[in-house]
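Listed below, chain by chain, are the residues.
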Amino acid sequence: MNYHLFQMINAGAGRVDAVDDAFEWAAVWLIYVLGALAVVPVVRAGRPAAGAVARVLAALALAFALGRVTAALSTEVRPFQTHHVHQLIPHATGPSLPSDHATAAFTLALAVGVFLSRRWGAVLTILAVVIGFARVWTGVHYPGDIAAGALVAAVAVVTVAVATRRFARRFRPHPDPTA
């Protein structure tokens, strides 16, 4: 199923140069645009966003740690290593699951949406989907690699959100019963 879906998406590659150029750009550079746009809700929130920024960074760190563990346990190699594909961008060989680009993009999008701004989180999620699709279009990832990156991102963001709430409850000042 994963390879079949990959073939359906990657089969369009190499037919229209302008479309390929757009997806090549998105596969390589859109992650930087997403990262820059993630700063907008931080700037708009001002100083009170420091805690939210710390949670976003914690989610990113956890997501990359989980991604490393997942990659170490996976035997999935990149599509171009085992199949004839339309590979439009250069990429080193190695583990394919999960996609680091998808992990970073979805983690930023979900974390911004949960900790800073739902609206900006939605915008960034759309960009993360485009990045993921572009990585498949250009032949360097399977759709399952993108889905795994999104799942790793969700687990990391939920873990940080739950830990933050538990920590806040545990250390919340209790009213003085003698007052």
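This text goes with the structure placed above it.
Residues numbered from 1 in each chain as written. Predicted model: local features only at pLDDT ≥ 70, side-chain atom pairs only at ≥ 80, totals over all residues. Heavy atoms only, no water.

**Quick word on the overall build of the protein**
- When its secondary structure is counted, the protein shows seven helices and zero strands.
- Helices and strands appear in the protein in the N-to-C order α-α-α-α-α-α-α.
- The principal-axis extents of the C-alpha atoms in the protein amount to approximately 75 × 35 × 25 Å.
- Counting across all 179 residues of the protein, residues that qualify as buried make up 40%.
- For the protein, the computed accessible surface area is about 10000 Å², with 67% contributed by carbon and sulfur atoms.
- Measuring between centres, the 14 positive side-chain charges of the protein sit 19 Å from its 8 negative side-chain charges. (Helix = DSSP H or I, 4+ residues; strand = E, 2+ residues; numbered from the N terminus. Buried < 20%, exposed > 50% of the residue type's maximum accessible area, 1.4 Å probe, protein only. Areas by Shrake-Rupley, 256 points an atom, 1.4 Å probe, with all protein chains shown as cover. Lys, Arg positive; Asp, Glu negative; His and termini not counted. Charge placed at Lys NZ, Arg CZ, Asp CG, Glu CD.)

**Some remarks on the packing of aromatic side chains**
- The final tally for this structure, using the stated rule, is six aromatic pairs.
- Relative to Tyr-142, the ring of Phe-6 has its centre 5.4 Å away and its plane inclined at 65 degrees; by these criteria the two rings are edge-to-face. Taken together, the positions of Phe-6 in helix 1 (residues 2-10) and Tyr-142 in the loop between helix 6 (118-137) and helix 7 (143-170) put the pair 136 residues apart, joining distant regions of the chain.
- The exposure class of Phe-6 is buried, given its relative accessible area of 1%.
- Take Tyr-142: its relative accessible area is 2%, and that puts it in the buried class.
- Put simply, the rings of Tyr-3, Phe-6 and Tyr-142 touch in pairs and so form one group of aromatic residues. (Phe/Tyr/Trp six-rings, centres within 6.5 Å; stacked < 30°, edge-to-face > 60°.)

**Comments concerning the environment of Leu-66**
- For Leu-66, the position within the fold is in helix 3 (residues 50-73).
- Taking the relative accessible area as the measure of exposure, Leu-66 reaches 29% and is therefore partly exposed.
- Residues Leu-66 and His-91, spaced 25 residues apart in sequence, show a C-alpha to C-alpha distance of 22 Å.

**Remarks on the side chain of Arg-78**
- Here Arg-78 lies in the loop between helix 3 and helix 4 (79-82).
- For the buried residue Arg-78, which engages in no salt bridge, the nearest side chain bearing the opposite charge is Asp-145, 5.9 Å off.
- Polar contacts involving the side chain of Arg-78 include one to the main-chain carbonyl oxygen of Val-140, which spans 2.9 Å.
- Here the side chain of Arg-78 touches His-141 through a polar contact of 3.1 Å, side chain to side chain.
- When near neighbours in sequence (up to four residues on either side) are disregarded, Arg-78 contacts His-91, Ala-92, Gly-94, Pro-95, Ser-96, Val-140, His-141 and Tyr-142. (Salt bridge = Lys/Arg side-chain N within 4 Å of Asp/Glu carboxyl O. Polar contact = N/O pair within 3.5 Å; in protein donor to acceptor, adjacent residues only side chain to side chain. Contact = heavy atoms within 4.5 Å.)

**Points about the packing of helix 3 against helix 7**
- One can describe the packing of helix 3 onto helix 7 by two numbers: an axis separation of 8 Å at closest approach and a directional angle of 135 degrees. Relative to helix 7, the element helix 3 lies oblique. The element helix 3 and its partner helix 7 pack so that their crossing is right-handed. Every residue of helix 7 that contacts helix 3 at Arg-55, Ala-58, Ala-59, Leu-62, Ala-63, Leu-66, Gly-67 and Thr-70 is listed here: Val-152, Val-155, Ala-156, Val-157, Thr-159, Val-160 and Thr-164.
- Partitioned by chemical class, the residues of the contact of helix 3 with helix 7 number 10 nonpolar, four polar and one charged. (Axes fitted to C-alpha atoms, helices over the stretch in contact; angles between N-to-C directions. Parallel < 35°, antiparallel > 145°, perpendicular 65-115°, else oblique. Left-handed = near helix turned anticlockwise from the far one by under 90°. Nonpolar A, V, L, I, M, F, W, Y, C, P; charged D, E, K, R; others polar.)

**A closer look at the environment of Leu-57**
- Note on placement: Leu-57 falls in helix 3.
- Taking the C-alpha atoms as reference, Leu-57 lies 16 Å from Arg-165; in sequence the two are 108 residues apart.

**Quick notes on helix 6**
- The end-to-end C-alpha distance of helix 6 is 28 Å, a good match for the 28 Å that 20 residues give at a rise of 1.5 Å each.
- Those residues of helix 6 that fall on the buried side of the exposure criterion are Trp-120, Gly-121, Leu-124, Leu-127, Ala-128, Ile-131, Gly-132, Ala-134, Arg-135, Val-136 and Trp-137.
- At its buried positions, helix 6 is contacted by helix 1, helix 2 (17-45), helix 5 (100-115) and helix 7.
- Immediately downstream of helix 6, the backbone of Gly-139 shows phi near 85 degrees, a positive value. (Expected span 1.5 Å × (residues − 1).)

**Observations regarding the packing of helix 1 against helix 6**
- Packing of helix 1 against helix 6 leaves a shortest axis separation of 8 Å and a crossing angle of 90 degrees. Here helix 6 runs roughly perpendicular to helix 1, going by the angle between their axes. On helix 6, the residues touching Phe-6, Ile-9 and Asn-10 of helix 1 are Phe-133, Val-136 and Trp-137.
- In terms of residue class, the contact of helix 1 with helix 6 is built from five nonpolar, one polar and no charged.

Fair warning: the whole summary comes from geometry, so function is off the table for now.
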